[in-house]
Amino acid sequence: MKKIVLVTGATSGFGKAIAIKFAENSDKLIITGRRNDRLLDLKLKLEKEYNTEVLALCFDVRNSSEVEKTIVALPEKWKAIDVLVNNAGLAAGMHPIHEGVLDDWERMIDTNMKGLLYMTRFVAPLMVARKKGHIINIGSVAGKEVYPNGNVYCGSKFGVDAITKGTRIDLVQYNIKVTQIAPGAANTEFSLVRFHGDQERADNVYKGFKPLSAEDVAETVYYVTTLPDHVNINDLVLMPTAQASSMHFYKV
Ligand code: NDP
Ligand code: 8X3
């Protein structure tokens, strides 16, 4: 059976790789993000290379009324969402707490926690009505262990960890699976965004070891959707082999 899979943040990194992975398996995709040119390029690619149906929706997950309007206005045939991947997110800056940049803090909390909540708030009722669905939240090792100067990003991902647990408890009676995938270091546009476009600083993060790729994470997200109806992965932490905790790496 083809599923309908909604992936937030599909214009880059994990989200794009996740969309491609589900398309390879002939699932139908709702792809979202703020960069419409990238969304339309991905839509064309998925339709052409995998012959699947794709709906591209350009909006900012931080805007609750935009999220509500977009989900409520979904064409009827797209409302039967089987899988929601709450992936859109970012780190902004890496400063000690007393030097933190307030705008960075707002962006992280508004996107990683509130954006994920808005998506869940408006998609979950569609799943509740069908007594069927799977919500997959992309957390992080940063939501398991705090590291120096990670303060607010870590806080936002600890928030995702808690929200995921709470969501699972509230939705268990509706036969809805809720999973957190918590990756370690992965080479996407994540560090470029974190360091406000400083490519050299971003590249340094991944020097001396082999980080996860977006495809590694996509494989994992896909895997948790392939299990029998009565089996759910609650929480899955994956790291590069060369990473042992949020602060321990073996670099050569
Ligand atoms: P990327 O920067 O490559 O991708 C982030 C995606 O999020 C983009 O598609 C971006 O789309 C989207 N996004 C960001 N802000 C918004 C917004 N306000 N509204 C809608 N979409 C938004 O990074 P990753 O793929 O690495 O990150 C994906 C998720 O994985 C994030 O939640 C991140 O915290 C998490 N993560 C990343 C790890 C890593 O090491 N890379 C490890 C663990 C977790 P656009 O700009 O077009 O809106
Ligand atoms: C991204 C991984 O270690 O940079 O969530 O926080 S880390």
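Above this text you will find the structure in question.
Each value, and the rule that gives it
- Residues numbered from 1 in each chain as written.
- Chains lettered and ligands numbered in written order.
- Predicted model: local features only at pLDDT ≥ 70, side-chain atom pairs only at ≥ 80, totals over all residues.
- Heavy atoms only, no water.
- Axes fitted to C-alpha atoms, helices over the stretch in contact; angles between N-to-C directions.
- Helix = DSSP H or I, 4+ residues; strand = E, 2+ residues; numbered from the N terminus.
- Parallel < 35°, antiparallel > 145°, perpendicular 65-115°, else oblique.
- Left-handed = near helix turned anticlockwise from the far one by under 90°.
- Contact = heavy atoms within 4.5 Å.
- Near = heavy atom within 4 Å.
- Polar contact = N/O pair within 3.5 Å; in protein donor to acceptor, adjacent residues only side chain to side chain.
- Areas by Shrake-Rupley, 256 points an atom, 1.4 Å probe, with all protein chains shown as cover.
- Nonpolar A, V, L, I, M, F, W, Y, C, P; charged D, E, K, R; others polar.
- Phe/Tyr/Trp six-rings, centres within 6.5 Å; stacked < 30°, edge-to-face > 60°.
- Lys NZ or Arg CZ within 6 Å of the ring centre and 35° of its normal.
- Buried < 20%, exposed > 50% of the residue type's maximum accessible area, 1.4 Å probe, protein only.
- Arc of directions from axis to C-beta.
- Salt bridge = Lys/Arg side-chain N within 4 Å of Asp/Glu carboxyl O.
- Pairing = 2+ DSSP bridges.

**Things to note about the packing of helix 3 (residues 64-72) against helix 4 (residues 102-130)**
Right, on to step 1. Where helix 3 contacts helix 4, the axes come no closer than 9 Å and their chain directions differ by 20 degrees. Taken together, the axes of helix 3 and helix 4 lie roughly parallel to each other. Remark: the crossing between helix 3 and helix 4 carries right-handed chirality. Counting all contacts with helix 3, which are made through S64, V67, E68 and I71, the residues of helix 4 involved are Y118, M119, F122, V123 and L126.

**Some points on the site of ligand 1**
Right, on to step 1. Of all residues adjacent to ligand 1, which total 30 residues, the nearest are T11, S12, R34, Y153 and T188.
Right, on to step 2. At 3.0 Å, a backbone N or O of G9 approaches an oxygen atom of ligand 1.
Right, on to step 3. Contacts to ligand 1 include N87, whose backbone N or O atom sits 2.9 Å from an oxygen atom.
Right, on to step 4. In the complex, 96% of the free accessible area of ligand 1, which totals 880 Å², lies under the protein chains.
Right, on to step 5. Taken together, the elements giving at least two residues each to the shell around ligand 1 come down to helix 1 (13-24), helix 5 (151-171) and helix 6 (190-194).
Right, on to step 6. Across the shell around ligand 1, the residue classes break down as 12 nonpolar, 12 polar and 6 charged.

**Let's talk about the site of ligand 2**
Right, on to step 1. Residues in contact with ligand 2, as listed here, are S140, V141, A142, Y147, Y153, F190 and R194.
Right, on to step 2. Y147 places a side-chain nitrogen or oxygen 2.5 Å from an oxygen atom of ligand 2.
Right, on to step 3. Contact distances for ligand 2 include 2.6 Å between an oxygen atom and a side-chain N or O atom of Y153.
Right, on to step 4. Within the complex, 83% of the 240 Å² of free accessible area of ligand 2 lies under protein.
Right, on to step 5. Residue composition of the shell around ligand 2, grouped by class: 5 nonpolar, 1 polar and 1 charged.

**Observations regarding the packing of aromatic side chains**
By convention here, two paired aromatic rings are described through the distance between centres and the angle between planes.
Right, on to step 1. Tallied over the full model, the rule gives 3 aromatic pairs.
Right, on to step 2. Each ring, one from F209 and one from F249, has its centre 5.1 Å from the other, and the planes form 55 degrees; the classification is tilted. Note that F209 is positioned in the loop between helix 7 (199-205) and helix 8 (214-224) and F249 in the segment after strand 7 (235-238), a separation of 40 residues in sequence.
Right, on to step 3. Cation over ring: K21 sits above Y222, and NZ or CZ is 5.3 Å from the ring centre.
Right, on to step 4. The positively charged end of K251 is found above the aromatic ring belonging to F249, 5.3 Å away from the centroid.

**Considerations on helix 3**
Right, on to step 1. Regarding helix 3, the residues found buried are V67, T70 and I71. Taken down its axis, helix 3 places every buried residue within 95 degrees of arc, on the same side. Pointing more than 90 degrees away from the buried face of helix 3 are the exposed residues K69 and V72.

**Comments concerning the pattern of salt bridges**
Right, on to step 1. This structure, assessed with the given rule, holds 17 salt bridges.
Right, on to step 2. R107 serves as the salt-bridge partner of D104, at 3.8 Å between the closest nitrogen and oxygen. Within this pair, D104 and its partner R107 are both found in helix 4, separated by 3 residues, close to a single helical turn.
Right, on to step 3. The exposure class of D104 is buried, given its relative accessible area of 4%.
Right, on to step 4. Of the residues examined, R107 reaches a relative accessible area of 23% and is grouped as partly exposed.
Right, on to step 5. Here K114 ties to D110 by a salt bridge, and the two come within 3.4 Å at their closest N and O atoms. Of this pair, K114 and D110 both sit in helix 4, 4 residues apart, roughly one helical turn.
Right, on to step 6. For D110, a relative accessible area of 21% puts it in the partly exposed group.
Right, on to step 7. Where salt bridges share partners, they join K144, D161, K165 and D235 into one cluster.

**Here's the deal with the sheet that holds strand 4 (residues 83-86)**
Right, on to step 1. Across the sheet, 7 strands lie side by side as 3-2-1-4-5-6-7; this open sheet has parallel pairing. The open sheet has two free edges, formed respectively by strand 3 (54-58) and strand 7, since each of these has just one partner strand. Direction aside, the axes of adjacent strands within the sheet are offset by 15 degrees on average.
Right, on to step 2. Across 6 bridges, the pairing between strand 5 (residues 133-138) and strand 6 (residues 176-183) is parallel.

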